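What follows is the residue order along each chain.
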Amino acid sequence: MDELSRRKMLITGGTLGALGALGAASPAHARALWTWAPSGSVAGRGAGLDPEYVWDEEADPVLAAVIERGDVPRVNEALRQWTRNDQPLPAGLPADLREFMESARRLPSWTDPRKLQAAARFTTKRGIYTGALYGLGSGLMSTAIPREARAVYYSKGGADMKDRIAKTAQLGYDVGDLDAYQPTGGMIVTAVKTRMVHAAVRHLLPQSPGWTRTSGGQTIPISQADIMVTWHSLATFVMRKLKDWRVPVTTAESDGYLHVWQVTAHMLGVPDEYIPASWAEAEAQSRQVLDPVLDSTPEGIALTDVLLDIVAELDAGLTRPLVNAFARYTLGDRTGDLIGLDREPFWQPLISSAWPLLVAFREGLIPLPLIPQAAWTVEEALRRFVLLFLSEGRGIRLEIPDANRPS
Ligand code: HEM
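Residues numbered from 1 in each chain as written. Predicted model: local features only at pLDDT ≥ 70, side-chain atom pairs only at ≥ 80, totals over all residues. Heavy atoms only, no water.

Engineer: Before we go on, may I ask you to explain the pattern of salt bridges in this structure?
Structural biologist: Opposite charge on two side chains makes pairing possible when the charged atoms of those side chains draw close. Here the structure, examined in full by the defined rule, presents 23 salt bridges. For the salt bridge of glutamate 399 with arginine 80, the shortest nitrogen-to-oxygen distance reads 3.2 Å. Here arginine 80 lies in the loop between α4 (72–79) and α5 (95–104) and glutamate 399 lies in the segment after α18 (373–393), a separation of 319 residues in the sequence. Ionic pairing is found between glutamate 283 and arginine 240, a salt bridge with its closest N-O pair at 3.1 Å. Taken as a pair, glutamate 283 in helix α13 (residues 279–289) and arginine 240 in helix α11 (residues 224–244) lie far apart in primary sequence, 43 residues in all. (Salt bridge = Lys/Arg side-chain N within 4 Å of Asp/Glu carboxyl O. Helix = DSSP H or I, 4+ residues; strand = E, 2+ residues; numbered from the N terminus.)

The following block contains the structure:
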């Protein structure tokens, strides 16, 4: 069966039940021992506990209680009115949740406003690169992260994967907003809501037969190690690719971009002792936690297909072959194969030879290069994709789930 129809079958089947056995049978990748030292973190010290066994002790019990009391609908209704960082918490929240949120919405003491400004300047200048990398790099890579793919697939949002993927990718863009963590921005709200969604998922997913069957022995999902894996698939990956592409990034911009992601990790509930203090530390941690876990799963392949459908539906001129080729160029063939991206003999060599020239030309590093016309087609399509994706995502509401994906 060719790859496309295999994917289609997975999707139209509506459930991966029949493939559950396959998922369960795929070998769980042995994790490397956690040796990353807390001295390399923003905290500078810590107990050094393996984050594989750390979840969120502040948020998890509160959200579990909210779900058990049947409070989720009224909480979601109240949360809809909370959209701006400087807004007081809405009325109607249960006292325990309100108390948690008041504490969770506080920025860390080490937040540096100048660095956040540098980050905003950076994304304004580099929006096309970061946008393409979040949407077609990190977004697709997430489907090759087995735990994330499975958690997403079997949770409530998995039933509407398009909406789910759009929401997560949106966070990547919101991080780059000019006023992300300013009083007028919305990132504190988004991060705190996301932290609560994750806590709810930790309570719910262990009750899902599909998740339990495929969790490879993990009993509670979304550990702090898992969160850092995803963090690296966003922040560290994007910075790595910008370097590969030789996009000029000043030290202030690179520090700023790291900082906005450090603050975001903290706001998502990651203890400071796991948040890398520098890009060198981030790279070291990423090599330990992200690189070895990438793998193929039926759930990930199904999610890839949905993501590619979103791209096609945006109709930004990005055809499937172009997306396949660009994603293979950014993610590499190994990840491309893991998520079932087709190989593109025409576009792949063209993109790998023309893209560096295009970047150099855009950055004023080379004068009037001989850039093939097709390269401009790729660039124009990416630009339209980023703009459309951004506008589609506006106004998304994050809701606390109170159930898993119906099986
Ligand atoms: C929900 C972002 C890590 C699994 C969400 C949402 C966002 C988000 C914005 C809300 C979307 C929605 O309500 O549908 C992030 C970021 C992460 C991260 C920025 C790390 C930096 C993870 C990890 C996992 C995970 C590591 C699993 C291993 C989920 C699940 C949901 C969710 C299952 C709920 C989907 C539902 O509504 O059913 N995440 N996430 N996330 N996330 Fe994450």
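What follows continues from the structure just given.
Engineer: Quick question: what am I supposed to make of the packing of helix α6 (residues 113–141) against helix α15 (residues 320–331) here?
Structural biologist: It is at 10 Å that the axes of α6 and α15 come closest, and there the two elements cross at 80°. On the basis of the axis angle, α6 is roughly perpendicular to α15. Along the contact surface, α6 presents Ala132, Leu133, Leu136, Gly137, Leu140 and Met141, while α15 presents Val323, Phe326, Ala327, Thr330 and Leu331. Split into classes, the residues belonging to the contact of α6 with α15 amount to nine nonpolar, two polar and no charged. (Axes fitted to C-alpha atoms, helices over the stretch in contact; angles between N-to-C directions. Parallel < 35°, antiparallel > 145°, perpendicular 65-115°, else oblique. Contact = heavy atoms within 4.5 Å. Nonpolar A, V, L, I, M, F, W, Y, C, P; charged D, E, K, R; others polar.)

Engineer: Help me out: how do you make sense of the nonpolar core in this one?
Structural biologist: Buried together is how nonpolar side chains tend to be arranged in soluble globular proteins. Residues Met101 and Trp261 are the most contacted members of the largest nonpolar core, which totals 113 residues. Contacts of methionine 101, omitting those with residues within four sequence positions, involve Leu79, Trp82, Leu89, Leu93, Val192 and Met196. (Core = buried A, V, L, I, M, F, W, Y, C linked by side-chain atoms within 4.5 Å. Buried < 20%, exposed > 50% of the residue type's maximum accessible area, 1.4 Å probe, protein only.)

Engineer: Whenever I open this one, the coordination of the iron atom of the ligand confuses me. Can you help?
Structural biologist: Perfect tetrahedral coordination of a metal by four donors corresponds to 109.5 degrees between them, and perfect octahedral coordination by six donors corresponds to 90 or 180 degrees. Of all protein atoms, His198 (NE2) alone acts as a donor to the iron atom of the ligand, lying 2.1 Å away. Within the secondary structure layout, histidine 198 lies in helix α9 (residues 187–204). (Donors = N, O, S within 2.8 Å, 3.2 Å for Na, K, Ca; no water.)

Engineer: What is the right way to look at the side chain of threonine 330 in this model?
Structural biologist: Position of threonine 330 relative to the elements: it lies in helix α15. Here threonine 330 is in contact with Leu133, Phe237, Lys241 and Trp245, once residues within four sequence places are set aside.

Engineer: Hey, could you run me through the packing of α6 against helix α12 (residues 251–267) in this one?
Structural biologist: Describing two packed helices takes the angle between their axes plus the distance from one axis to the other. One way to put it is that α6 packs onto α12 with a least axis distance of 8 Å and a crossing angle of 85°. Viewed along their axes, α6 and α12 adopt a mutual orientation that is roughly perpendicular. Along the contact surface, α6 presents Lys115, Leu116, Ala118, Ala119, Phe122, Lys125 and Tyr134, while α12 presents Ala252, Glu253, Asp255, Gly256, Tyr257, His259, Val260, Trp261 and Val263. Of the residues in the contact of α6 with α12, the class split is 10 nonpolar, two polar and four charged.

Engineer: Would you take a moment to explain α4 for this structure?
Structural biologist: Along an α-helix, residues three or four apart share an orientation, since each turn contains 3.6 residues. Here α4 has its buried residues at Val72, Val75, Asn76, Ala78 and Leu79. Buried residues in α4, looked at end-on, bunch into an arc of 160°, giving them a common side. Packed against the buried residues of α4 are α3 (59–68), α5 and α9. (Arc of directions from axis to C-beta.)

Engineer: Any chance you could explain the packing of aromatic side chains here in plain terms?
Structural biologist: The geometry of an aromatic ring pair is captured by two quantities: the separation of the ring centres and the angle between the planes. Tallied over the entire structure, the rule returns 12 aromatic pairs. Both rings, one in tyrosine 134 and one in tryptophan 261, keep their centres 6.3 Å apart while their planes meet at 55°; by these two values the pair is tilted. Linking tyrosine 134 in helix α6 with tryptophan 261 in helix α12, this pair joins segments that are 127 residues apart in sequence. For the pair formed by tyrosine 134 and tryptophan 261, the shared burial category is buried. These aromatic residues form a ring-pair network of at least three members: Tyr129, Trp245, Phe326, Tyr329 and Trp355. (Phe/Tyr/Trp six-rings, centres within 6.5 Å; stacked < 30°, edge-to-face > 60°.)

Engineer: Help me understand α12 in this model?
Structural biologist: For α12, which comprises 17 residues, the first-to-last C-alpha distance of 24 Å matches the rise-based estimate of 24 Å (1.5 Å per residue) to within 8%. With 13 of 17 residues buried, α12 lies mostly within the body of the structure. The positive-phi residue at the C-terminal boundary of α12 is glycine 269, with phi of around 100°. (Expected span 1.5 Å × (residues − 1).)

Engineer: I would appreciate a short explanation of the environment of leucine 107 in the present structure.
Structural biologist: You can see leucine 107 is positioned in the loop between α5 and α6. Once the C-alpha coordinates of leucine 107 and threonine 264 are considered, the two residues, 157 residues apart in sequence, prove to be 9.3 Å apart. When sequence neighbours within four positions are dropped, the list of residues in contact with leucine 107 reads Tyr181, Ile188, Val263 and Met267.

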